[in-house]
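Next come the chains, spelled out residue by residue.
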Amino acid sequence: MPGGGGVTDLSARVDALLAQCDPATTAPQEFLRARFDAGLARVDYPVGRGGLGLDPVLQETVDRALSAAGAPGNDPDNNVIGLGMAAPTLLAFGTPEQLDRWLRPLWTGEELWCQLFSEPGAGSDLAGLATSAVRDGDAPDADWVVNGQKVWTTLAHQARWALLVARTDPTVPKHRGLTYFVVDMQAPGIEIRPLRQITGETEFNEVFLTDVRVPDAYRIGAVGAGWAVTQGTLMNERVQYTSGPAPRGSGPIGCVVEAWRAHPEQRTAGLQTRLLELWVDAEVARLAAARLGQQIAAGQPGPEGSAAKLEYARLNQAISSLELDLLGDDGLRYADYTTRMPVMEPEETKEPGWRYLRSRANSIEGGTSEILRNIVAERVLGLPAEPRADKNTAWKDLPR
Amino acid sequence: MSVGDLIYTDTEEQLRASVRDLLADRAPWPAVLARTETAEPVDTDLWRRLAQLGGAGLAVPSTWGGVDASWREAAVVAEELGRAVAPLPFLGHAVATALLLELGDEDLLPAVAAGERTAAVVVRAATAAHENAASVDLRDGRLHGSVPAVLDATTADLLLVRAGDALYAVDAADARVTPAPSLDRTRPIADISFDGAPGTVVASGPAVDEALAKALQIGAVLLAAEQLGLAQRCLEIAVQYLQTRRQFGRLIGEFQALKHRAADVWVRNSGVRAAARYAADCAATDAADLPVAAALAQAAASPAAELAAQECLQLHGGIGFTWELPVHLYLKRAKSSAILLGTADRHRAAIGDLVGIPAVPTEGAAA
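Residues numbered from 1 in each chain as written. Chains lettered and ligands numbered in written order. Predicted model: local features only at pLDDT ≥ 70, side-chain atom pairs only at ≥ 80, totals over all residues. Heavy atoms only, no water.

Under an unreviewed UniProt entry, the name given to chain B is Acyl-CoA dehydrogenase family protein, and the organism recorded is Sporichthya brevicatena. One UniProt comment on chain B, placed under Sequence similarities (unreviewed entry), says "Belongs to the acyl-CoA dehydrogenase family." You can read under Cofactor (unreviewed entry) in the UniProt record for chain B the words "FAD". (UniProt positions renumbered as here; feature names shortened; annotations may be inferred.)

Structure, rendered in structure tokens:
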């Protein structure tokens, strides 16, 4: 396999790339394309697809060397869905033609992606979604016509492409009648409405699809096989890449300890008890993340990732709530409820009221805490699944 | 500061398997329960057997009669003992061993490490590492005084007690050891009094206090591992019941209200495992962070073990409240362990001091 020689060969490739494209004189986009073509985008991607088929742990070496040489990054903040969800889904289920078209501009950040999954009537019960895709005619490669409404769509207003799950057969049970597509967000019939949220920001969007035409060449996987592809995407959504644990006392708990030290006049015995309990829980969560990282590095990944998200949500909510209590009068202030686009920056730099409000989403987004507990109970502990009334009923016959 | 190795080594897993086999063979729960109703709740035969396998001196170098492993391995043994609510003086003996090891004692350590002599440190069982350990008086070269509620002292033949600025070794036969009725019958405590008992000086000076604090920290580390084992076993027992018990025409494990509670226990246990492993690694490597790590492990493990035992009982319903299932053994062990070597609250307070989360200013302090 090219590049199979490991780190030495990898360093040689990095040097060759830097020799060929000096970051100081090459346009950022140009550099990122060359980097993709050199197999240094993601070393674990396949050869010819931006990678070298190597162990993903080698990526850090490449990133460090290129960043030290002043090479541009690929804007991971806005590209989070493209890199985190779209790329792995395309790699696993896409055709060579689809990969040729979408992978490189995705990775370079030239084309951003969003994800048209959730609907007002289908959140935790995602497979119950109602957006329809109907073939326009009988030809096997006929276009699809999509109608429906999606919601909670991050980056819809900036994305060029969307991952879409739609119902192509309402006459079979819900999991079997779904098909997965890529949709051009510039296609006629797509209307994007920003959705204002609890913080005042418009982080998410509603997306209305009215007679949107999707070429059959944009279908990912077989007709009716959309649920399996969706599962692949969701699994990637929940994977957390940890490049080593954050330092003790960093993150939200650090903010609240800071507030404790800065406001001796606000201290009470009760608040100290709450703070110490949360400090312990945050440190335990940090060690648990470190342990999970070590397990993954040792090739023995455990199911602790589900615990991590549950604990993160619980802690973030409790800590940000305590922080407001600690601030007293200042906890009553909130600087900016104007309707605005969110700015991607670390939570620690935001105001405490924002942290309190935004953290309410942590137990809902990316799988609610209730759904995660079901996953732990059923897949980790082996408890029986809840009986389902809708498992064998055609989707069209389900009560709605 | 970097985080040490938090996953189990192959050697540790092998040790776990052999201890688990031994306990399954020699201490199944009905036998443990039956023993709690006798005058000798501690299984001294099994303790001797564990000591023969090296279980009494895992962290002691071979030059002093130990097996050259570390507190990491000792913690794995503790996990298994917690799983089985094993009635052994492992914890009290380990604190005494740690104390002798810290003081560099060469006279007593070989017999203690080999388990030929079982030792106990004479302090109140609820003493946390950062608190002052009890001491007795020294008059005319003899020891006088009493200490209540001493851990694992009923079967010890060597007692280590502080008097003045020195640590003394006392033959248990020279002290009055009164077993006290205890909440956890698998781990008896004893009231000890000395009435002119002869003692041998083990060490003196500030080193004694430092060594006592360190030994109690190591005790807290091992106790956290034991609590982890207990919590994990309680969850297994509960899950097994949820998978078999039917009500309303369904397995009760299908009910989301119950499965979410089981999931919460599992999440807590996952966290405790990381904290307990970190503490064990700090003890094994003599890391500077041991005081925080030990207090953290206790602050996390005590409430988690109590939760697991309590949920195990509640998820069983009425049958869980009876003498006929092992659940009560686990609940009693979990509750008494939550007090032993300092409650979670005391350990959290210690953490506040160690990491700079200062307490409430006291009235008038500003003036």
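Next comes the rest of the description.
Participant: What exactly am I supposed to notice about the UniProt feature "domain: Acyl-CoA dehydrogenase/oxidase N-terminal" (unreviewed entry) in chain B here?
Facilitator: Summarizing the sequence annotation, UniProt attributes the feature "domain: Acyl-CoA dehydrogenase/oxidase N-terminal" (unreviewed entry) to residues 9-109 of chain B in the numbering used throughout. Secondary structure content for residues 9-109 of chain B is 60% helix and 0% strand, while the C-alpha to C-alpha distance between its ends is 27 Å. (Helix = DSSP H or I, 4+ residues; strand = E, 2+ residues; numbered from the N terminus.)

Participant: How should I be thinking about the UniProt feature "domain: Acyl-CoA dehydrogenase/oxidase C-terminal" (unreviewed entry) in chain B in this particular structure?
Facilitator: UniProt records the feature "domain: Acyl-CoA dehydrogenase/oxidase C-terminal" (unreviewed entry) at residues 213-352 of chain B, using the numbering of this structure. Annotation note: span residues 213-352 of chain B, helix share 77%, strand share 3%, distance between end C-alpha atoms 17 Å.

Participant: Any chance you could explain the interface of chain B and chain A here in plain terms?
Facilitator: A common way to express how large an interface is: the accessible area buried when the components associate. Contacts between chain B and chain A engage 47 residues on the former and 45 residues on the latter. Carbon and sulfur atoms make up 69% of the area that chain B and chain A hide from each other, which totals about 3,900 Å². When residues of chain B are sorted by the area they lose upon contact with chain A, Ile7, Trp266 and Ile357 of chain B head the list and together hold 18% of the total. Our enumeration of links across chain B and chain A arrives at four salt bridges. The residue Arg248 of chain A makes a salt bridge to Asp289 of chain B at a minimum N-O spacing of 2.6 Å. (Contact = heavy atoms within 4.5 Å. Buried area = accessible area lost by both parts, 1.4 Å probe. Salt bridge = Lys/Arg side-chain N within 4 Å of Asp/Glu carboxyl O.)

Participant: Looking at this model, I keep getting lost on the pattern of salt bridges. Mind explaining?
Facilitator: When charged atoms on two side chains of opposite charge get close, those side chains can pair. Overall, the coordinates contain 56 salt bridges over all chains when judged by the stated rule. One salt bridge connects Arg104 of chain A with Asp37 of chain A, and the closest N-O pair in it is separated by 2.6 Å. Within this pair, whereas Arg104 of chain A is found in helix H5 (residues 96-108), its partner Asp37 of chain A is found in helix H2 (residues 28-37), the two being separated by 67 residues in sequence. Overall, Arg104 of chain A belongs to the partly exposed group, its relative accessible area being 28%. A salt bridge links Asp143 of chain A to Arg213 of chain A, with the nearest nitrogen and oxygen atoms 3.3 Å apart. One end of the pair, Asp143 of chain A, is in the loop between strand E2 (132-135) and strand E3 (144-150); the other, Arg213 of chain A, is in strand E7 (residues 204-214), with 70 residues separating them in the sequence. Looking at Asp143 of chain A, the relative accessible area reads 27%, which means it is partly exposed. Among the ionic contacts, a cluster of salt bridges with common partners joins Glu13, Arg16, Arg20, Glu79, Glu80, Arg83, Arg233 and Glu236 of chain B. (Buried < 20%, exposed > 50% of the residue type's maximum accessible area, 1.4 Å probe, protein only.)

Participant: Help me understand unusual backbone geometry in this model?
Facilitator: Across residues other than glycine, the phi torsion is negative in most instances, and most of the peptide bonds are trans. Of note, the phi angle at Leu155 of chain A is positive, near 70 degrees, even though the residue is not glycine. Phi at Asp68 of chain B is positive, roughly 65 degrees, even though this residue is not glycine.

Participant: What should I look at first to understand the sheet that holds strand E6 (residues 176-180) of chain B in this one?
Facilitator: One key point about sheets: their strands pair by backbone hydrogen bonds, in either a parallel or an antiparallel sense. All names here are of chain B. Strand order in the open sheet made by the four strands is E2-E3-E7-E6, with antiparallel pairing throughout. Unpaired on one side and paired on the other, strand E2 (137-139) and E6 mark the two borders of the sheet. Sheet twist, expressed as the average angle between the axes of neighbouring strands with direction ignored, equals 10 degrees. Pairing of strand E3 (residues 142-151) with strand E7 (residues 189-198), which is carried by eight bridges, proceeds in the antiparallel orientation. (Pairing = 2+ DSSP bridges. Axes fitted to C-alpha atoms, helices over the stretch in contact; angles between N-to-C directions.)

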